[in-house]
Amino acid sequence: MPRIFDNIEQYLLPTLRSALGVAERADFCVGYFNLRGWRKVDDLIDKFVGGENACCRLLVGMQKLPQEELHESRTLLASSNGIDNSKVLQFKKQVAREFREQLIVGTPTNEDEQGLRRLSAQLKAKKVVIKLFLKHTLHAKLYLLHRNDSHNPTISILGSSNLTLSGLEFQGELNVDVLDHDACHKLQKWFDDRWNDRWCFDISEELAALIDESWAREDLIPPYHIYLKIAYHLSQEARVGLSEYRIPRDVGDTLFEFQRAAVQIAAHHVNRRRGVLIGDVVGLGKTLIAATLARILQEDLFLETLIICPKNLVSMWQDYVDRYRLLAKVLSLSRVQNELPDLRRYRVVLIDESHNLRNRDGKRYRAIQEYIAANESFCILLSATPYNKTYLDLSAQLRLFVPEDKDLGIRPETLLSKLGGELAFLHEYQVPVRTLRGFEKSEHADDWRELMRLYMVRRTRSFIQANYAKVDDLLPLEKEQGQPRKYLEFRDGKRVYFPNREPQTIKFSLGEGDDPYAALYADEVVDTINQLSLPRYGLGNYMVSLTRKKLTEAEERQIKGLSRAGKRLMGFSRTNLFKRLESGGPAFIQSIDRHILRNYIFLYAIEQGLELPIGAQEAALLDSRNNDEDTESILSALQDPETDEEIELTAEAVLNQAEVDYRQRAIAVYQSYVDRYKRRFKWIQPGLFKPSLKKDLQADAKALTAILSQHGQWIANRDTKLAALVELLTKRHPNEKVLVFTQFADTVRYLTDELKRLELDKVEGVTGNSENPAAIAGISVLSATISPSPKVMSCGF
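Asks: Quick question: what am I supposed to make of the overall build of the chain here?
Replies: Of regular secondary structure, the chain possesses 32 helices and 23 strands. Taking all 797 residues of the chain together, 47% fall into the buried category. In the chain, the share of contacts with a sequence separation of at least 24, taken over all contacts with a separation of at least 6, comes to 75%. As presented, the chain carries roughly 41600 Å² of accessible surface, and 50% of it is formed by carbon and sulfur atoms.

So, in structure tokens, the structure goes:
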């Protein structure tokens, strides 16, 4: 009687291994072959000599999935069961693809690696020969084991088990052994007929090569090759864009190669995700790129463009509309509330300086967002500084054309790993994880880089120089200095050079007595700054005992963040004050003024029992009029509006009146936080802090107010640092273009106003948002750092 192997009461694998242990060769026929399952028997196959009559012949049949069989049985089209060379090639590619997918599924282990390497070696040594039967579908499972035994030369096992981990060991099956001589002979003949069929093909070499090219290969892969493969896959969308879109010749000839690449990549983003953020740094031609992209959408998809830009850029964009022959309307950002509700449909909306639309509660923002949604418009955003204070700046711009609950196909993986997985995220935030709302919960740069990779095109000058620029070794001056000049080249051969930066120090002396800059460097001012408690930056040091207080989960997270941030933020704040002092007196004075006002905002909230705003309080938010101008200085606020003369006040009276002024301003600003900017902050109840917080806030405010009462009136005519800059412009470089770089927008405004007052020609100041680190003031013709002339002088302030 035959034995039954069902992997329940009696397992197939031990019996198969026992029979292989005494066998000289074997013939297997299966419907499915698992590469990793082979290691369950490979050690016993390895003892075979190899060759035609001393190997394991493995016949793999092609089988159809149940849904394929159902589809074919119900089709009205005549089906052909025949086979030809084209189908053979198709089936071989299908099997190779299935084997390759087997190799990439699951986490690789050392056992899998060794097993796959042994299989590759056995295939090369002809100890295993694998053929693919293609004449018709074959679902048979047969194991023939031949041994040197005249009484029982062949052991046959017939049933349902494939050569897989499940079929051999884990899955319920039905197999029987066949020992009868006549039956074994008939089974052998059945196997040989199919093995020798003309539509049975040897795939041993292809399979061995597939293993040798996989992660289980014997030779180690050079790290650089791994890097190239990662780069290849990460750049897939960029490569698709480069090959998919054609730039009109009349505009393409005016673009550099890196600009043409940006246009094509951006076109792919727009076509696939309905929008793109072009974020190249200043001076790389974002306007040219956007105008060319609008032209492509116009010619390929017959779409018209609505261009929304700041008022001072309307004429520039109208010039591009005429030059590029765009079917477009240019609309000032200040007019969107009045005109968009009744404006006809434009299928492309181009927004220049899109970082101005960071406030999702603003009327302009809502008007633009509603227009884009109502007209199903494609969106092109332009900004050199898309990210200013928080990552919410990025999501606010994306929300203009990306619905907040749209499935993005990716998750904030870094945040998920911190929280412990997707279930923990859903429990914590109750928002879909693969959406903009989900990403807005993350404060991790890696998550935002992964998100912006789908929507943004951004390159830096160093990237352009490294990947697109050519080197000119013929310029004599630069060659002598060992600094070959890099340049970009138009299609007509015209060159545009990058400047070489040669740092030089311009020294100036601090004056005595009436020099306001020297007064701010006085010991008492420096000591006052060093002795500040800066309690707002070290709130964790003022927490009361929390053992008896019941906190919400949000409050617990905020408190943990406060305890971590303390000393680092306090040190950063003090350093930033000194950096602004180094940049210029006006910037330092304005920082002192803002610092005092922020302290009084906290004092007002504490005294009224209101929640404290935790987060970046931008300079623009401190002005109740919500513009980018700075608030007036303390002393100017103490002037009599009737006589326009300064009131004679004692030092004590000045401080008292200044406090009253700051308290009034703090009330207005706090109310604007609550009414208009509530989502920009995290809010925490004042009862969680010790009374010493209020005391230190008042002490810092009083100390800084004393500085302003003595030095708040800035006299530019006595500014020795400004005088050194004027000398540089008028005497040392009177006929050259000069770019003045500074970290602080306040310094830009001060320099621009003063140089215009001194009637220096062609002075133009360019600032980003308030406190923008990329702020630039230009003297003479303001230009990017790509210049057609070999000489451009720049200085820092």
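Asks: How should the packing of helix α5 (residues 110–124) against helix α8 (residues 204–212) be read in this particular structure?
Replies: Two packed helices can be described by the angle between their axes and the distance between those axes. Direction vectors running N to C along α5 and α8 enclose 145 degrees, while the axes themselves pass 9 Å from each other. Considering the relative orientation of α5 and α8, their crossing is left-handed. When α5 is examined against α8, the residues L116, L119, S120, L123 and K124 are found in contact with a partner set consisting of S204, L207, A208, I211 and D212.

Asks: Quick question: what am I supposed to make of the sheet that holds strand β4 (residues 128–133) here?
Replies: Within a sheet, neighbouring strands are paired by backbone hydrogen bonds and run either parallel or antiparallel to one another. Spatial ordering of the open sheet is given by β1-β7-β6-β5-β2-β3-β4-β8, a layout of eight strands whose pairing is mixed. Single-partner strands in this sheet number two, and they are β1 (4–5) and β8 (200–202). When strand β3 (residues 56–61) meets β4, the two strands line up parallel, connected through six bridges. Opposite L58, over in β4, you have I130 as the bridge partner.

Asks: Any chance you could explain the nonpolar core here in plain terms?
Replies: Nonpolar side chains in soluble globular proteins tend to be buried together. In terms of nonpolar packing, the biggest core is built from 54 residues, with I529, F588, I592, I596, L612 and F689 touching the most fellow members. Broken down by element, this core gets its largest block of residues, 11 residues, from helix α27 (residues 585–608). Non-local contacts of I529, meaning those with residues more than four positions away in its chain, are made with R574, L577, F578, F588, I592, L704 and I707. In terms of nonpolar packing, the next biggest core, distinct from the first, is built from 43 residues, L16, F33, L134 and I157 among them.

Asks: Which parts of the structure should I look at to understand the pattern of salt bridges?
Replies: Where charged atoms of side chains with opposite charge meet at close range, the side chains can pair. Applying the stated criterion across every chain yields a total of 47 salt bridges. Residue D472 pairs with R495 through a salt bridge whose shortest N-O separation is 2.9 Å. Of this pair, D472 sits in strand β15 (residues 470–472) while R495 sits in strand β17 (residues 495–497), and the two are 23 residues apart along the sequence. Assessed through its relative accessible area of 32%, R495 is described here as partly exposed. Shared partners join several salt bridges into a network, and the residues in it are R25, D27, R57 and D192.

Asks: Where do I start with the pairing of strand β5 (residues 142–146) in this structure?
Replies: Here is the key point about a regular strand: its side chains alternate between the two faces of the sheet. Judged by how many residues are buried, β5 sits mostly within the fold: five of five residues are covered. Residues of β5 alternate between two faces, with L142, L144 and H146 on one and Y143 and L145 on the opposite face, all of them buried. In this structure, strand β2 (residues 25–30) lies alongside β5, joined through five bridges in antiparallel fashion. In the strand pairing of β5, F28 is matched with Y143. Pairing between β5 and strand β6 (residues 154–159): five bridges, direction antiparallel. Bridge pairing links H146 to T154 in β6.

Asks: I would appreciate a short explanation of the side chain of T287 in the present structure.
Replies: Position of T287 among the secondary structure elements: in helix α13 (residues 286–301). Not counting chain neighbours up to four residues away, the residues in contact with T287 comprise M316, W317, Y320 and L382.

Asks: Sorry if this is basic, but what is going on with helix α30 (residues 692–711) here?
Replies: Owing to its 3.6 residues per turn, the α-helix aligns residues three or four sequence positions apart on the same side. In a regular helix each residue adds 1.5 Å, so 20 residues correspond to 28 Å; α30 covers 29 Å between its end C-alpha atoms and thus fits that length. Among all positions of α30, only L693, D696, L697, D700, A701, L704, T705, I707, L708 and H711 are buried. All buried residues of α30 project into a common sector of 165 degrees when viewed along the axis, lining one side. For α30, the exposed residues set more than 90 degrees away from the buried face come down to K695, K702 and Q710.

Asks: Sorry, what's going on with unusual backbone geometry here?
Replies: For residues that are not glycine, phi is negative in most cases, and the peptide bond is trans in most cases. Even without glycine at this site, K126 takes up a positive phi of about 65 degrees. Within the fold, K126 resides in the loop between α5 and β4. Take K126: its relative accessible area is 39%, and that puts it in the partly exposed class. We note that L534 has phi near 50 degrees; this positive angle belongs to a residue other than glycine. Among the secondary structure elements, L534 is positioned in the loop between α25 (523–530) and α26 (553–583).

Asks: How should I be thinking about the sheet that holds β15 in this particular structure?
Replies: On the basis of which strands lie adjacent, the open sheet formed by three strands has the order β15-β16-β17 and antiparallel pairing. In the strand order of this sheet, the two ends are held by β15 and β17, each with one partner. The average undirected angle you get between the axes of adjacent strands in this sheet is 45 degrees. Across three bridges, the pairing between strand β16 (residues 485–489) and β17 is antiparallel. Bridging from a neighbouring strand, Y487 pairs with Y497 of β17.

Asks: What am I meant to see in the packing of aromatic side chains here?
Replies: Two aromatic rings are characterised by how far apart their centres lie and by the angle between their planes. A full pass over the atoms with the stated rule returns 22 aromatic pairs. Measuring from centroid to centroid gives 5.7 Å for Y600 and Y662, while their planes differ by 0 degrees, and the two rings are stacked. Of this pair, Y600 sits in helix α27 while Y662 sits in helix α29 (residues 651–676), and the two are 62 residues apart along the sequence. By relative accessible area, which is 6% here, Y600 ends up buried. Where Y604 meets Y670, the ring centres are 5.6 Å apart and the plane angle is 70 degrees; that geometry is what we call edge-to-face.

Conventions adopted
- Residues numbered from 1 in each chain as written.
- Predicted model: local features only at pLDDT ≥ 70, side-chain atom pairs only at ≥ 80, totals over all residues.
- Heavy atoms only, no water.
- Helix = DSSP H or I, 4+ residues; strand = E, 2+ residues; numbered from the N terminus.
- Buried < 20%, exposed > 50% of the residue type's maximum accessible area, 1.4 Å probe, protein only.
- Contact = heavy atoms within 4.5 Å.
- Areas by Shrake-Rupley, 256 points an atom, 1.4 Å probe, with all protein chains shown as cover.
- Axes fitted to C-alpha atoms, helices over the stretch in contact; angles between N-to-C directions.
- Left-handed = near helix turned anticlockwise from the far one by under 90°.
- Pairing = 2+ DSSP bridges.
- Core = buried A, V, L, I, M, F, W, Y, C linked by side-chain atoms within 4.5 Å.
- Salt bridge = Lys/Arg side-chain N within 4 Å of Asp/Glu carboxyl O.
- Expected span 1.5 Å × (residues − 1).
- Arc of directions from axis to C-beta.
- Phe/Tyr/Trp six-rings, centres within 6.5 Å; stacked < 30°, edge-to-face > 60°.

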